[in-house]
Amino acid sequence: MKLRVSGDKLTIASAHMLVKHEKCARIHGHNYFIEVEIEGELNEENMIIDFSEFKSRVSKIIKKYDHKVLIPFNSKNFNIDISDEQVTVSSCDGKVYRFPREDVEFLPLESTTVELLSRFIHDLIKEEYPQFTITVIMSETPTSVAIYTEDK
Ligand SMILES: [Zn+2]
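Residues numbered from 1 in each chain as written. Predicted model: local features only at pLDDT ≥ 70, side-chain atom pairs only at ≥ 80, totals over all residues. Heavy atoms only, no water.

Caption draft 1: Spatial organisation of the overall build of the protein. Counting its regular elements, the protein contains two helices and 10 strands. C-alpha atoms of the protein, sized along the principal axes, occupy 55 × 30 × 25 Å. Put simply, the protein has 152 residues, and 43% of those count as buried. For the protein, contacts bridging at least 24 residues in sequence account for 62% of all contacts bridging at least 6. When the accessible surface of the protein is summed, it comes to about 8,700 Å², and 49% of that surface belongs to carbon and sulfur atoms. Separation of charge centres in the protein, based on 19 positive and 26 negative side chains, amounts to 4 Å. (Helix = DSSP H or I, 4+ residues; strand = E, 2+ residues; numbered from the N terminus. Buried < 20%, exposed > 50% of the residue type's maximum accessible area, 1.4 Å probe, protein only. Contact = heavy atoms within 4.5 Å. Areas by Shrake-Rupley, 256 points an atom, 1.4 Å probe, with all protein chains shown as cover. Lys, Arg positive; Asp, Glu negative; His and termini not counted. Charge placed at Lys NZ, Arg CZ, Asp CG, Glu CD.)

Caption draft 2: Local environment of the coordination of the zinc ion. Looking at the zinc ion, the protein donor atoms are His-16 (NE2), His-28 (NE2) and His-30 (NE2), and they sit 2.0 Å from it. If you list the donors of the zinc ion from N- to C-terminus, the spacing comes out as H-x11-H-x1-H. Remark: His-28 occurs in strand S3 (residues 28-39) and His-16 occurs in strand S2 (residues 11-16); sequence separation between them is 12 residues. (Donors = N, O, S within 2.8 Å, 3.2 Å for Na, K, Ca; no water.)

Caption draft 3: The arrangement of the pattern of salt bridges in detail. Considering all chains together, one arrives at nine salt bridges under this definition. A salt bridge links Glu-37 to Lys-2, with the shortest nitrogen-to-oxygen separation between them at 3.3 Å. Residue Glu-37 is located in strand S3, and its partner Lys-2 is located in strand S1 (residues 2-5); the two are separated by 35 residues in the primary sequence. For the salt bridge of Glu-53 with Arg-57, the shortest nitrogen-to-oxygen distance reads 3.8 Å. Placement of both Glu-53 and Arg-57 in helix H1 (residues 51-63) is noted, with a separation of four residues, approximately one turn of the helix. Connected through shared salt-bridge partners, Lys-2, Arg-4, Glu-35 and Glu-37 make up one network. (Salt bridge = Lys/Arg side-chain N within 4 Å of Asp/Glu carboxyl O.)

Caption draft 4: Geometry of helix H2 (residues 114-128). Helix length check: H2 (15 residues) gives 22 Å between terminal C-alpha atoms against 21 Å at 1.5 Å per residue, within 8%. Here H2 has its buried residues at Val-114, Leu-117, Ser-118, Phe-120, Ile-121, His-122 and Ile-125. On its buried side, H2 packs onto S3, H1, strand S4 (68-72), strand S8 (104-107), strand S9 (133-141) and strand S10 (144-149). (Expected span 1.5 Å × (residues − 1).)

Caption draft 5: The arrangement of unusual backbone geometry in detail. The residue Lys-20 is not glycine, and still its phi comes out positive at about 55°. Position of Lys-20 relative to the elements: it lies in the loop between S2 and S3. A relative accessible area of 63% means that Lys-20 is categorised as exposed. For His-67, which is not a glycine, the phi torsion comes out positive at approximately 55°. Topologically, His-67 is positioned in the loop between H1 and S4.

This is the structure in structure tokens:
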């Protein structure tokens, strides 16, 4: 059996940029709408998990990335320099961005595509709930959605 949570607590607004992409190489933002499914056995209270507890924990995990510029730290296409509380990001496209350190969240990813973001968020949730099967459904727009679940 599965439960699914979603809603305002599971929505984040973040900025990012890709490289070598006609439109998305320009810095822009998304209201990422995140739904999470949790699948497992019922406990002695006949629940998989308490809805509000699960929603709060997932919200805490993802709100770290809310109202931040998401920078993929493992990208081969960005050169990242951090000094004096400033982050300078130079892209292979020849663009240079400078952000206050506090506005940036680094992710251990090669890129901030919604495919990799959904897998990353999945892995963070899975760390806290290893006994359950977790599926992350992450919408970049209402009609562009990535779904990540682990292989069973
Ligand atoms: Zn985008």
